[in-house]
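# Geometric and topological summary
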Amino acid sequence: MTMALAMFLFFVSITLVITYWAARRTSGASAFFAANRQIKGWQNGFAVAGDYMSAASFLGIAGIIAFQGYDGFMYSVGWLVAYLTVLLIVAEPLRNAGKYTMADVLAYRLSARPVRAMASLSTITVSVFYMIAQMVGAGALVALLLKNSGISYHTAVIGVGVLMIVYVVFGGMLATTWVQIIKAILLMGGTILLSILVLAHFGFSFAGFFNAIGRVTYHDKGVEVVKDFLQPGLRFKPPYGALDLISLGMALIFGTAGLPHILVRFYTVPDAKTARISVVWAMGLIGTFYILTTFLGFGAATIVGRDKIATSGGTNMSAPLLAQSLGGDFFFAFIAAIAFATILAVVAGLTISASTSFAHDFYTNVIHRGTERKQGEEVRVARVTAFIVGAVAIAIAILLGPNANVAFLVALAFAVAASANLPVIVLSLFWKRFTTRGAVCGLGTGLVASILLIVMGPSIMGVDAPGATAATHLIQSPPIFPLENPGIVSIPLGFIGAVLGTWLGSEPAAEAKYDELLVRASTGIGAEKASGH
Amino acid sequence: MRHDDESGPIAGELTPEIGAATDVASVGLKTKPGHELTAAEDSDPVDWSRVTQMPEFRSMVSAKLRFIIPAVVFFVVYYFALPVLVGYAPGLMSKKIFGVINIAYLFALSQFFMAWIIAALYLRAASKFDQMEQTVIEKAKAELGSQRGTK
């Protein structure tokens, strides 16, 4: 077990060297927020993949497939297809017309202060919820993986929090980018290696592997069960299973293109063409990874078995336990270290997107109406924000404790991104008549609807089974809204809010600037350029 | 409003580079980069509608939309067919094709290749859009430059 700790410390020391190197190259706002816009296409592709593939993907999906078979693999599909929305609709116009944040594109022709204030609120909500989910996950994971080395949940949460603050405060976007690139390389390497070992276990016979998936054996309440794990329906059951799955799909397909930590990545490249190439790189990596979850998940189901996983840490331990049974303790340590690296890279990306939005959108543009009072003020505010965001996330994760049910926070982040952010991005780019009021209404409706529906849904409301040891539902009464994923209702509401708000009145000034936005977004005339060094 | 400033917004570059240390350095007539101005603050001397009316610009935008709209419609329909069929036609989806491998698994796997193929087709189409974009930019600069002279 200490081997995992040693490997993790090795990874941490590499990232700290990178942070030191990046800190010496980071002066000025464009460097801090956008790495001087000098990241290459393939590098940004790796960084997008590293920013996106969270512990939920690596440990979570492998676990769901190991326990519920095919239905878990359906999660994998949506996470890749979502990038078509990013590629075809969002990435290039955003890079052409914006500077550091999503709100730059909205504020282009709308009234800057109300739009930026709302966009900043929604960005920070998404980032902080997502971050808390990652931090709780990190703490629980470390406590499990390193249970013999004296590292507790609290130490782990504080460690992850302090590291992400260090990366962002000192190294800015450049350090964050390289942490994400290295993590993506490690994660891909570990996953490919693990998949090869799974195939080797079956003598490199696909037929043998799939036959084993066709009869997975485990015990349910003491009774032996043999199931075909390629059959759908083990997780999503009637009456609402299919609807929940469609709703989740909507949140993924429309939410990924509204996730602030993904969007800010497109400002780190020199131009829209490079942004496009980086999305395609990311799609290659992300797609390969999610196809390989077949081997991770089904491999854990067939080689380790549900019974053993359930008694040695639960679903999230499926991938590390698979590594242990195929490659021994050393490989277990390697995969565990990759899982930490995964979490660190994602939280660093979330921290920088939240602090960029606060400093650039809220502090400079809303409070001070777009002027820095002192040189370098915006970056200073972003650094302080990163520190505060990190401290708050540590505190909340410690308060919630390792057993908190936080999976819904990820669903919430995607739902808010899809219901609040995406409608206003799309409408401001493609609808000439769109107004400030429409944007504020759309952002507000999407945000409130997502949060309310999650609170009224089965993640928060529900009656615990008698004899349950820990309360799993915050509100002990039957859920009012039947779905875990609110997207199917909240995304249309976000669009309706934006359209109704626009119909309430016209905004000639915004309409007059549409031609300029259209020209700039579609040609890149006047786009922010890469800067010196 | 004065337009004779040498570093004005349309001298050479339509928008000069904004990369000074603070990133809010003054740009020609304005004190802020274009996208940070509200619509009301910004009385832009450049007549952008002349660019949007150029035939080259129009054909570029319609070429992009001719690719993007069908592509988006196709992938959304193809993707949502998976949860809809798995949820409402589980019998059909459970039909086995090779050994234990069923339609549900093959359909899910095909989604990855669908996404990659659309991405590859878009990359190819986009290189054509880039060429059209170059023509538009050159023509726009010439046109707007002369427009400035006549105002």
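Cut-off values and rules
- As a convention, each chain's residues are numbered from 1 in the sequence order in which they are written.
- Each chain gets a letter, beginning with A, and each ligand a number, beginning with 1, in the order they are written.
- Totals for whole chains, interfaces and linings use every residue, but because this is a predicted model, local features are given only for residues with pLDDT of at least 70 and side-chain atom pairs only at 80 or more, for both listing and counting.
- Side-chain measures here rest on the full set of heavy atoms in the structure, leaving out hydrogens and waters.
- For the purposes of this entry, the term helix denotes a DSSP run of H or I that reaches at least four residues, the term strand denotes a run of E that reaches at least two, and both are numbered from the N terminus.
- Here the term buried applies to any residue with accessible area under 20% of the maximum for its type, exposed to any over 50%, and partly exposed to those in between, with areas from a 1.4 Å probe on protein chains only.
- The criterion used for residue contact is that any of the two residues' heavy atoms lie within 4.5 Å.
- Within 3.5 Å is the distance limit for a polar contact, defined as a pair of N or O atoms, with the added protein rule that one can donate a hydrogen and the other accept it, and that residues adjacent in sequence qualify only through two side-chain atoms.
- Strands are treated as partners if at least two bridges between them are detected by DSSP.
- Throughout, buried area stands for the accessible area (probe radius 1.4 Å) lost by two parts on being put together, summed over both.
- A pairing counts as a salt bridge when a side-chain nitrogen of Lys or Arg comes within 4 Å of a carboxyl oxygen of Asp or Glu.
- Each residue receives one of three labels: charged for Asp, Glu, Lys and Arg, nonpolar for Ala, Val, Leu, Ile, Met, Phe, Trp, Tyr, Cys and Pro, and polar for the others, Gly being one of them.
- Each patch is built from residues that are more than 30% exposed by relative accessible area and take part in no salt bridge. Like charges join if they lie within 9 Å; nonpolar side chains (Val, Leu, Ile, Met, Phe, Trp, Tyr) join within 5 Å.
- Method for areas: the Shrake-Rupley scheme with a 1.4 Å probe, in which residue coverage is limited to the protein chains shown.
- Summary of the metric used: pLDDT quantifies the predictor's per-residue confidence within the range 0 to 100.
- To define axes, lines are fitted to C-alpha atoms, for helices over the stretch in contact only, and angles between the resulting N-to-C directions are given on a 0 to 180 degree scale.
- Roughly parallel means an angle under 35 degrees; roughly antiparallel means over 145; roughly perpendicular covers 65 to 115; every other angle is labelled oblique.
- By the definition used in this description, the sense in which the near helix is turned from the far one sets the handedness, with an anticlockwise turn below a right angle giving left-handed and a clockwise turn giving right-handed.
- Only Phe, Tyr and Trp rings take part, Trp by its six-membered ring, and two of them pair if their centres are within 6.5 Å. Stacked means planes under 30 degrees apart, edge-to-face means over 60, and tilted covers everything else.
- A positively charged side chain is recorded as over a ring if its NZ (Lys) or CZ (Arg) lies within 6 Å of the ring centre. The angle to the ring normal must also be within 35 degrees.

What follows is about the overall build of chain A. When its secondary structure is counted, chain A shows 20 helices and 2 strands. Per-residue burial for chain A yields a buried fraction of 64% across its 533 residues. Contacts in chain A between residues at least 24 apart in sequence constitute 81% of all its contacts with a sequence separation of at least 6.

Turning to the environment of B:Ser59, a few remarks are in order. All names here are of chain B. Relative to the helices and strands, Ser 59 is located in helix 2 (residues 55–88). What makes Ser 59 partly exposed here is its relative accessible area of 34%. Separated by 73 residues in the primary sequence, Ser 59 and Met 132 place their C-alpha atoms 8.4 Å from one another. For Ser 59, the side chain forms a polar contact with the main-chain oxygen of Glu 56, separated by 3.2 Å.

Attention now goes to the side chain of A:Thr385. Residues and elements named next belong to chain A. Tracing the sequence through the fold places Thr 385 in helix 15 (residues 377–400). We classify Thr 385 as buried; its relative accessible area is 10%. Within polar-contact distance, the side chain of Thr 385 engages the backbone oxygen of Val 381 at 2.6 Å. Setting aside its immediate chain neighbours within four residues, Thr 385 contacts Ser 355 and Phe 358.

This paragraph deals with the pairing of strand 2 (residues 223–227) of chain A. All names here are of chain A. By the bridge criterion, 5 bridges tie strand 1 (residues 216–220) to strand 2 in an arrangement that is antiparallel. Bridging from a neighbouring strand, Tyr 218 pairs with Val 225 of strand 2. In this antiparallel pair of consecutive strands, strand 1 and strand 2, the connection spans 2 residues, and Lys 221 shows a positive phi of 50 degrees.

Counting residues at the interface gives 66 residues for chain B, matched by 76 residues for chain A. For the pair chain B and chain A, the summed buried surface comes to about 6,000 Å²; carbon and sulfur atoms form 69% of the total. For the pair chain B and chain A, the interface holds 2 salt bridges. Taking the shortest distance from any N to any O, the salt bridge between A:Arg276 and B:Asp130 comes out at 2.9 Å. Those elements that place two or more of their residues in the side of chain B that touches chain A are helix 1 (48–52), helix 2, strand 2 (101–102) and helix 4 (103–150) of chain B. Per element, the largest residue contribution to the side of chain B that touches chain A is 20 residues, and it comes from helix 4 of chain B. Here the residues of the side of chain B that touches chain A sort into 44 nonpolar, 11 polar and 11 charged.

Let's shift gears to a nonpolar patch on the surface. Side chains of A:Phe430, B:Leu65, B:Ile69, B:Val73 and B:Val77 sit close together on the surface and give an oily, nonpolar patch of about 460 Å² of accessible area. Here the nonpolar patch gets 4 residues from one element, more than from any other, and that element is helix 2 of chain B. Structurally, A:Phe430 is set in helix 16 (residues 407–430).

Let us now look at the pattern of salt bridges. Using the criterion set out here, one finds 9 salt bridges over all chains in the structure. A salt bridge links A:Arg116 to A:Asp104; the shortest N-O distance between them is 2.9 Å. With A:Arg116 in helix 7 (residues 112–145) and A:Asp104 in helix 6 (residues 102–107), this pair connects stretches of sequence that are 12 residues apart. Grouping residues by exposure puts A:Arg116 and A:Asp104 together as buried. Three or more residues joined by partner-sharing salt bridges are found here, namely A:Glu92, A:Arg276 and B:Asp130.

For A:Arg373, the position within the fold is in the loop between helix 14 (318–367) and helix 15. Ignoring any residue separated from it by four or fewer positions in sequence, one finds A:Arg373 in contact with A:Tyr363 and A:His368.

Residue and element names in this part refer to chain B. In this model, chain B carries an average pLDDT of 75, and 65% of its residues clear a pLDDT of 70 or more. Averaged pLDDT values for the elements of chain B fall to 83 in helix 1 and rise to 93 in helix 2. Below a pLDDT of 50 lies the segment residues 1–31, which in the model reaches 61 contacts outside its immediate sequence neighbourhood of four places, other chains included.

The next point concerns the packing of helix 4 (residues 55–68) of chain A against helix 12 (residues 272–304) of chain A. Residues and elements named next belong to chain A. At a closest axis distance of 8 Å, the pairing of helix 4 and helix 12 adopts a crossing angle of 50 degrees. Here helix 12 runs oblique to helix 4, going by the angle between their axes. Between helix 4 and helix 12 lies a crossing of right-handed hand. Contact with helix 4, carried on its side by Ser 57, Phe 58, Ile 61, Ala 62, Ile 65 and Ala 66, involves Phe 289, Tyr 290, Thr 293, Leu 296, Gly 297, Phe 298, Ala 300 and Ala 301 of helix 12 and no other residues of that element. Taken together, the residues of the contact of helix 4 with helix 12 sort by class into 11 nonpolar, 3 polar and no charged.

On to the packing of aromatic side chains, then. Residue and element names in this part refer to chain A. Across all of its chains, the model carries 28 aromatic pairs over all chains by this definition. When the centroid spacing of 4.8 Å and the interplanar angle of 85 degrees are considered together, the rings of Tyr 52 and Tyr 83 count as edge-to-face. With Tyr 52 in helix 3 (residues 41–52) and Tyr 83 in helix 5 (residues 70–97), the pair connects residues that are 31 residues apart, well separated along the chain. Here the two residues Tyr 52 and Tyr 83 agree in accessibility, since each one is buried. Among the aromatic residues, those joined into a cluster by ring pairs are Tyr 52, Phe 58, Trp 79, Tyr 83, Tyr 130, Phe 289, Tyr 290 and Phe 414. For the cation-ring pair, Arg 306 lies above Tyr 218, with the distance from its terminal atom to the ring centre recorded as 3.9 Å.

Residues and elements named next belong to chain A. Between helix 17 (residues 436–456) and helix 18 (residues 487–503), the least distance of the axes is 7 Å, while the angle of their chain directions is 155 degrees. In terms of their interaxial angle, helix 17 and helix 18 are classed as roughly antiparallel. Note that helix 17 runs across helix 18; the crossing there is right-handed. Facing Arg 437, Gly 438, Cys 441, Gly 442, Thr 445, Gly 446, Ala 449, Ser 450 and Leu 453 of helix 17, the residues of helix 18 in contact are Val 489, Ser 490, Leu 493, Gly 494, Gly 497, Ala 498, Gly 501 and Thr 502. Here the residues of the contact of helix 17 with helix 18 sort into 6 nonpolar, 10 polar and 1 charged.

Let us look at the side chain of A:Thr19. Residues and elements named next belong to chain A. Its location among the elements puts Thr 19 in helix 1 (residues 2–25). We classify Thr 19 as buried; its relative accessible area is 3%. Beyond its immediate chain neighbours, meaning those up to four positions away, Thr 19 contacts Val 166, Tyr 167, Phe 170, Gly 171 and Ala 175.

Residues and elements named next belong to chain A. With respect to the helices and strands, the residue Ala 512 is situated in helix 19 (residues 508–512). The class of Ala 512 is exposed, set by a relative accessible area of 59%. Spatially, the C-alpha atoms of Ala 512 and Lys 432 are 8.6 Å apart, while their sequence positions differ by 80 residues.

Another aspect to go through is unusual backbone geometry. Comment: phi is negative for the bulk of residues other than glycine, and the bulk of peptide bonds are trans. All names here are of chain A. Not every positive phi belongs to a glycine, and Ala 35 is a case in point at roughly 50 degrees. The topology assignment puts Ala 35 in the loop between helix 2 (29–34) and helix 3. For Ala 35, a relative accessible area of 6% puts it in the buried group. Positive phi, close to 55 degrees, is recorded for Arg 37, a residue that is not glycine. With respect to the helices, strands and loops of the structure, Arg 37 is situated in the loop between helix 2 and helix 3. Given a relative accessible area of 1%, Arg 37 falls into the buried group.

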